[in-house]
Amino acid sequence: MSFEIQPGATESPVVLHVPHGSRDIPPQARERILLDDDQLRQELDLITDSHTGLIASRAAEDARVRPWSFVNTLSRLVVDPERFPDEREEMRAVGMAAVYLSTSHQRKLRNDDPRHTEDLLAHHYRPYAKAMTDIVDERPIILDVHSYPSRPLPYELHATSNRPAICLGVDDFHTPAWLREAAAEAFAAVGDVDVNTPFSGAYVPLKHYRQSQNVASLMIEIRRDTYMAEPGGAPHDGIDAVVRALTRLIDACQSAPLA
């Protein structure tokens, strides 16, 4: 199983989504990765949203009404569940669509083998997408928990953009004003907050994407130096402020004006 669902309160409309927090790579995927063990460890340090699972679990525990959590248990180097699996994905330009062919430093990660790509999509991407779709059918507020490095990596398409303590990724169809405003207020205590920089948009399952107005989504990108030692080290005391901010946002969502 490539994901774990942690149930929350029956009445909670919130799903905490943690898509990039794992470093786990199963043997059948590892054998196709061209990096040696040391190179792979370094790549995982750079590309993994370390400790986002811890942030989400602590916030879920502290919330007045416990949200549901949907956690990717595999590394994004296996599949990236938030990328489009086809030509709609802009990150295809740097070899990082749903199945990555390139590393964060634009080295070759795996050979471009359509059969292997299809195998990864069939075994991991599509079951993950279906399960996420099913939970969003019932819990229509997605809080998508990510992190990003304080300095840009070569793969980034918008590397010269502002890098605030908190980047809020919004979608003009799926991120209502109340959610954006509640997040900006909640995370102000962590540091500066900006919108759609250096990353933009918010994840919504394809069934609902631009179809279901009642599905609300927000991407929360936490700059890593605010809560951990970069590139892949331990969390520091700053994690407490991040957890409190996410908890406040979860609480604000419980009485959300859903369509």
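To keep things clear, this report deals only with the structure shown in the data block. Nothing here was measured: the structure is a model prediction, and the numbers come from that model.

Conventions and cut-offs
Residues numbered from 1 in each chain as written. Predicted model: local features only at pLDDT ≥ 70, side-chain atom pairs only at ≥ 80, totals over all residues. Heavy atoms only, no water. Core = buried A, V, L, I, M, F, W, Y, C linked by side-chain atoms within 4.5 Å. Buried < 20%, exposed > 50% of the residue type's maximum accessible area, 1.4 Å probe, protein only. Helix = DSSP H or I, 4+ residues; strand = E, 2+ residues; numbered from the N terminus. Contact = heavy atoms within 4.5 Å. Pairing = 2+ DSSP bridges. Axes fitted to C-alpha atoms, helices over the stretch in contact; angles between N-to-C directions. Expected span 1.5 Å × (residues − 1). Polar contact = N/O pair within 3.5 Å; in protein donor to acceptor, adjacent residues only side chain to side chain. 1 Å grid on protein atoms, 1.4 Å probe; cavity = no way out; pocket = protein on both sides within 12 Å on 5 of 7 lines; lining within 4 Å. Points joined across faces, edges and corners; volume = space filled by probe spheres on them. Nonpolar A, V, L, I, M, F, W, Y, C, P; charged D, E, K, R; others polar. Salt bridge = Lys/Arg side-chain N within 4 Å of Asp/Glu carboxyl O.

## Focus: the nonpolar core
Point 1. Judged by nonpolar contacts, the single largest core of 38 residues is most densely connected at Leu143, Phe187, Leu218, Ile220, Leu246 and Leu249.
Point 2. Taken together, the elements giving at least two residues each to this core come down to strand S2 (14-18), helix H3 (52-62), strand S4 (141-148), strand S5 (166-169), helix H5 (177-187), strand S7 (216-223) and helix H6 (239-253).
Point 3. The biggest single contributor to this core is H6, with nine residues.
Point 4. In this view, leucine 143 contacts Val14, Val15, Leu16, His17, Leu179, Leu218, Ile220, Leu246, Leu249, Ile250 and Cys253; residues no more than four positions away in its chain are not counted.
Point 5. In this structure, Leu35, Val78, Phe199 and Met219 belong to the second largest nonpolar core, which totals 27 residues.

## A look at the sheet that holds strand S3 (residues 68-72)
Point 1. Taken in spatial order, the seven strands make up an open sheet running S1-S3-S2-S4-S7-S5-S6, and their pairing is mixed. Looking at strand neighbours, the two that pair on one side only are strand S1 (3-6) and strand S6 (193-195), the edges of this open sheet. Taken over all neighbouring pairs, the strand axes of this sheet differ in orientation by 20 degrees on average, direction set aside.
Point 2. Across four bridges, the pairing between S1 and S3 is antiparallel. The residue of S3 that forms the bridge with phenylalanine 3 is asparagine 72.
Point 3. Running at roughly 25 degrees to S7, H5 makes contact with S4, S5, S6 and S7 of the sheet.

## Considerations on H6
Point 1. Between its first and last C-alpha, H6 extends 21 Å over 15 residues, near the 21 Å set by a 1.5 Å rise per residue.
Point 2. With 11 of 15 residues buried, H6 is to be regarded as a mostly interior element.
Point 3. Restricting attention to buried positions, one finds in H6 the residues Ile239, Ala241, Val242, Val243, Ala245, Leu246, Thr247, Leu249, Ile250, Asp251 and Cys253.
Point 4. Of the surrounding elements, those touching the buried residues of H6 are S2, H3, S4, H5 and S7.

## A few points about the environment of glutamate 4
Point 1. Along the chain, the position of glutamate 4 falls in strand S1.
Point 2. On a C-alpha basis, the gap between glutamate 4 and threonine 73 in space is 6.6 Å, while along the polypeptide they are 69 residues apart.
Point 3. Apart from residues lying up to four places away in sequence, glutamate 4 is in contact with Ser69, Phe70, Val71 and Thr73.
Point 4. Of note is the side chain of glutamate 4, whose polar atom sits 2.6 Å from the side chain of glutamine 6.

## Comments concerning empty space enclosed by the protein
Point 1. Counting across every chain of the model gives one cavity of 30 Å³ or more.
Point 2. Reported here for the largest cavity is a volume of approximately 30 Å³.
Point 3. Lining the largest cavity we find Ser2, Asn72, Leu74, Val79, Pro81, His124, Tyr125 and Tyr128.
Point 4. Here the lining of the largest cavity gets three residues from one element, more than from any other, and that element is helix H4 (residues 114-138).
Point 5. Residue classes in the lining of the largest cavity are distributed as five nonpolar, three polar and no charged.

## Comments concerning the pattern of salt bridges
Point 1. Considering all chains together, one arrives at 19 salt bridges under this definition.
Point 2. Residue aspartate 45 is joined to arginine 23 by a salt bridge in which the shortest nitrogen-to-oxygen separation is 2.9 Å. Note that aspartate 45 is positioned in helix H2 (residues 37-47) and arginine 23 in the loop between S2 and helix H1 (27-30), a separation of 22 residues in sequence.
Point 3. Here aspartate 113 and arginine 32 are joined by a salt bridge, their closest N and O atoms 3.1 Å apart. You can see aspartate 113 sitting in the loop between S3 and H4 and its partner arginine 32 sitting in the loop between H1 and H2, a full 81 residues away along the chain.
Point 4. Under the relative-accessibility criterion, aspartate 113 is labelled partly exposed at 23%.

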